[in-house]
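# Fold and geometry: a report
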Amino acid sequence: MKQLKAKILSNDKVAEDFYRMRIESAYLAKNTKPGQFVEVRCADDVDPLLRRPLGAHRISPGGIDILYEVVGKGTEILARKKKGEDLDVIGPLGNGFEINNSEASVLVAGGIGVAPMLTLAESIGHQVTRSPGHQKSKIHVIIGAKTKSNILCEKEFKNLKCNVRVATEDGSKGHKGLATDVLKKLLVTWQPGNLATIYACGPTGMLKAVAAIAKDKNIPCQVSLEERMACGVGVCLGCPVKVKTNHEYKMVCKDGPVFDAEEISW
Amino acid sequence: MNLSVKIGNLKLKNPVMVASGTWGIEYEELSGLDNLGATVLKTITLKKRTGNPAPRIAETASGMLNSIGLENKGLEDFIKNKLPLFDKVSSPLVASIAGDDDVEFKELAVRLSRIKRVDALELNLSCPNIKYGLNGGLIAHDAKATYKVVKAVRGATPITVIAKLSPNVTSVAEIAKAAEAAGADAVALTNTFIGMAVDIDTKRPKLGNVTGGLSGPAIKPLSLRAVWEAYKEIGIPIVGIGGIMDAADAIEFMLCGARAVQVGTANFVNPKAPAEIVSGIKKYMTGHKIKDISSLVGALKLG
């Protein structure tokens, strides 16, 4: 992990309240893996004070992309940043996903939870191409959002030859309802013993439901959690998640943000 | 130029320490290890504590609330697993301890004083996120309880004892006087201010523990005033803490009577802050033709 000033290469609005920023850093490009995040300092001043933890959305040879939703003061400032400015970032942080050599991978993304899923899909794709024994591997992506305009990255996933399904709460696109409804439907025909892995990122309620479905179907499941953070490196102990073992806490920033769904005390 | 200061028997090469709970070995890569006056470690208790439920952090205007609740693995784990990680840290180490009462504080002090690597003890009498058994609240809310604990520790250890006090009292100076009378080598002023924040959509507190401790630039004027009030009343050194982000902040604390300072929340924002503060102080001393940093302590001009 390093603290560095990375040049902003682009910062584009991709949907109402959603932005994609590309920052230049050979170091981050080389050392970041899907599921890891960076801590971004939004203001030069002391308000807002804390850094914002934002997941790597895409990892390219010269840097990384960050996909973010404007939800408050910090991300509002971030959205106003211009190409050519420097961004103060610390990263890469956290553990990231463990990519399993499964016959099928199911990526479930709720809202801005789609952010780490694109780089994950790319990595799974690369891994599959490299391992001749798993030619038939398939990536299924389920994107859930409030409404049609908030469905992000559908095209990018399709370009990666993923099988994409969409759910919107208002029914403006795809299935009317939740991403987890679509997941249940997808898994109905799956036989026990199918070698699959579920990867999920999104609101806690969705992750809890995904974890229950995965457990029911006996499919390994990794979830990427979100929590308010201060340091992002494991020093302040500010981002606890309760785990089943002894009802103890683990830290989302250092022990996660990706956890085995079975480990979490939902 | 002399930047070194002395707190009890503790010799610091410069007056900048990192505050308890805000610096860990995880920061090694980011902040460097050799620039600190001293490193204050995360508070430990005799037995393991799991800490408070999430959320434990809420950002506020120019500050943050925390309600960690002294999560730690306890004394034995600290000695066996945590302390060795700090072998590579060249600065003196200050162990921060919290007991339920004077008996527990004493036991922690006795055990830790035997360890060569522990150079001083900071008594956390003022964590706003726990209830101390001795007086059912914060020990540092009560001059008698403060006296009792400091006295018990003083009698049990030859190493430097720093009493970390709470700002949430009518008179910090009164509590500081009690700590001095009981034999503390120094007082650390201040711990966090008890505060709250509310999510108006859910109508719930933003912290899982409802209340928490406020830190960061928002509290600097308040802590500064506490240092000044205590400086006028006590003779032992004061360690100034509260929203120090840069060298100017640190110097303000020293002018108000702090012999040393601790950098806390700033580490989360800029892990290089302590190192930058040390170089900023040097620059200030050069600019103001100050040869010895001790001449800054309490040098506030009035009238």
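Just so we're clear, the structure is a prediction, and the values are computed from it rather than from any experiment. (Residues numbered from 1 in each chain as written. Chains lettered and ligands numbered in written order. Predicted model: local features only at pLDDT ≥ 70, side-chain atom pairs only at ≥ 80, totals over all residues. Heavy atoms only, no water.)

### Description of the overall build of chain B
A count of helical and extended segments in chain B gives nine helices and 16 strands. Against the compact-globule benchmark of 19 Å for 303 residues, chain B has a radius of gyration of 18 Å, which places it among compact chains. When each of the 303 residues of chain B is scored for burial, the buried share is 59%. Put simply, 70% of the contacts in chain B that link residues at least 6 apart link residues at least 24 apart. If you sum the accessible surface of chain B, you get close to 11800 Å²; carbon and sulfur atoms cover 52% of it. Positive and negative side-chain charges of chain B, numbering 37 and 29 respectively, have mean locations separated by a distance of 2 Å. (Helix = DSSP H or I, 4+ residues; strand = E, 2+ residues; numbered from the N terminus. Rg over C-alpha atoms; globule rule 2.2 N^0.38 Å. Buried < 20%, exposed > 50% of the residue type's maximum accessible area, 1.4 Å probe, protein only. Contact = heavy atoms within 4.5 Å. Areas by Shrake-Rupley, 256 points an atom, 1.4 Å probe, with all protein chains shown as cover. Lys, Arg positive; Asp, Glu negative; His and termini not counted. Charge placed at Lys NZ, Arg CZ, Asp CG, Glu CD.)

### A short note on the sheet that holds strand 12 (residues 221-224) of chain A
Residues and elements named next belong to chain A. Pairing is mixed in the open sheet, where seven strands are placed in the order 10-9-8-7-11-12-15. Strands with a single pairing partner mark the edges of an open sheet, and in this sheet they are strand 10 (175-176) and strand 15 (258-260). Inspection of the sheet shows strand 7 (residues 104-110) paired to strand 11 (residues 196-201) by six bridges, in the parallel sense. Pairing of Leu 107 across the sheet is with Tyr 199, part of strand 11. Sheet strands touched by helix 5 (residues 179-188): strand 7, strand 8 (138-145), strand 9 (163-168), strand 10 and strand 11. Its angle to strand 8, the strand with the most contacts, is close to 150 degrees. Set on the sheet, helix 6 (residues 204-217) makes contact with strand 7, strand 11 and strand 12; between it and strand 11 the angle comes to about 170 degrees. (Pairing = 2+ DSSP bridges. Axes fitted to C-alpha atoms, helices over the stretch in contact; angles between N-to-C directions.)

### A closer look at helix 6 (residues 220-231) of chain B
Residues and elements named next belong to chain B. For helix 6, which comprises 12 residues, the first-to-last C-alpha distance of 16 Å matches the rise-based estimate of 16 Å (1.5 Å per residue) to within 8%. The complete set of buried residues in helix 6 reads Lys 220, Ser 223, Leu 224, Ala 226, Val 227, Trp 228 and Ala 230. Structurally, helix 6 contributes buried residues whose contacts are with helix 5 (172-181), strand 10 (186-189), strand 11 (193-195), strand 15 (238-241), helix 7 (247-255) and strand 16 (258-263). (Expected span 1.5 Å × (residues − 1).)

### Thoughts on the sheet that holds strand 3 (residues 37-41) of chain A
Residues and elements named next belong to chain A. The six strands lie next to each other as 1-2-5-4-3-6, forming a closed barrel whose pairing is antiparallel. In this sheet, adjacent strand axes meet at a mean angle of 45 degrees when their direction is disregarded. Alignment of strand 3 against strand 6 (residues 86-93), held across four bridges, turns out to be antiparallel. Paired with Glu 39 across the strands is Ile 90, a residue of strand 6.

### A short note on the pattern of salt bridges
A complete count under the given rule lists 24 salt bridges over all chains for this structure. Between A:Arg20 and A:Glu156 there is a salt bridge, and its shortest N-O distance comes to 3.5 Å. With a gap of 136 residues between them, A:Arg20 in strand 2 (residues 18-24) and A:Glu156 in helix 4 (residues 154-159) connect regions that are remote in the sequence. We classify A:Arg20 as partly exposed; its relative accessible area is 25%. A salt bridge links B:Glu174 to B:Lys177; the shortest N-O distance between them is 3.5 Å. You can see B:Glu174 and its partner B:Lys177 sitting in helix 5, three residues apart, about one turn around the helix. According to the relative accessible area criterion, B:Glu174 is partly exposed, its value standing at 42%. Salt bridges here are not isolated pairs; linked through shared partners, they connect A:Lys5, A:Arg51 and A:Asp88. (Salt bridge = Lys/Arg side-chain N within 4 Å of Asp/Glu carboxyl O.)

### Observations concerning the nonpolar core
Membership of the largest hydrophobic core comes to 147 residues, with the highest contact counts inside it found for A:Val108, A:Ile198, B:Leu112, B:Leu121, B:Leu125 and B:Val187. The greatest single-element share of this core, amounting to six residues, is contributed by helix 6 of chain A. Residues within four places of B:Val187 in sequence aside, it is in contact with B:Ile162, B:Ala163, B:Leu165, B:Ala176, B:Ala179, B:Ile234, B:Ile236, B:Pro237, B:Ile238 and B:Val239. Of all hydrophobic cores here, the second largest spans 27 residues; its members include A:Leu67, A:Ala109, A:Leu152 and A:Val258. (Core = buried A, V, L, I, M, F, W, Y, C linked by side-chain atoms within 4.5 Å.)

### A few points about the side chain of A:Asn11
Residues and elements named next belong to chain A. Residue placement: Asn 11 occurs in strand 1 (residues 2-15). Asn 11 sits in the buried class, given a relative accessible area of 13%. Reaching out from Asn 11, the side chain makes a polar contact with the backbone oxygen of Leu 78 at a distance of 3.0 Å. Setting aside chain neighbours within four positions, we find Asn 11 in contact with Tyr 19, Arg 20, Met 21, Tyr 68, Leu 78, Ala 79 and Lys 81. (Polar contact = N/O pair within 3.5 Å; in protein donor to acceptor, adjacent residues only side chain to side chain.)

### Points about unusual backbone geometry
With omega at 0 degrees, the peptide bond leading from A:Asp47 into A:Pro48 counts as cis. When you line up the elements, A:Pro48 lands in the loop between strand 3 and strand 4 (52-60). In this chain, B:Leu189 is followed by B:Thr190 through a cis amide linkage whose omega measures 5 degrees. You can see B:Thr190 is positioned in the loop between strand 10 and strand 11.

### Observations regarding a negative patch on the surface
Residues A:Asp44, A:Asp45, A:Glu85 and A:Asp86 make up a contiguous surface patch of negative charge. Judged by relative accessible area, which is 32%, A:Glu85 ranks as partly exposed. (Patch = residues over 30% accessible without salt bridge, like charges linked within 9 Å, V, L, I, M, F, W, Y side chains within 5 Å.)

### Points about the packing of aromatic side chains
On inspection of all chains with the given rule, the structure shows three aromatic pairs over all chains. A ring pair is formed by A:Phe97 and A:Tyr199, whose centres lie 5.7 Å apart and whose planes are at 85 degrees; its orientation type is edge-to-face. Remark: A:Tyr199 occurs in strand 11 and A:Phe97 occurs in the loop between strand 6 and strand 7; sequence separation between them is 102 residues. A cation over an aromatic ring shows up here: B:Arg56 above the ring of A:Tyr249, its NZ or CZ 4.7 Å from the ring centre. (Phe/Tyr/Trp six-rings, centres within 6.5 Å; stacked < 30°, edge-to-face > 60°. Lys NZ or Arg CZ within 6 Å of the ring centre and 35° of its normal.)

### A look at the packing of helix 6 of chain B against helix 7 of chain B
Residues and elements named next belong to chain B. Put simply, helix 6 and helix 7 touch, their axes get as near as 9 Å, and they point 25 degrees apart. Relative to helix 7, helix 6 is oriented roughly parallel. Contacts between helix 6 and helix 7 involve Lys 220, Ser 223, Leu 224 and Val 227 from the first element and Asp 249, Glu 252 and Phe 253 from the second. Considered class by class, the residues forming the contact of helix 6 with helix 7 number three nonpolar, one polar and three charged. (Parallel < 35°, antiparallel > 145°, perpendicular 65-115°, else oblique. Nonpolar A, V, L, I, M, F, W, Y, C, P; charged D, E, K, R; others polar.)

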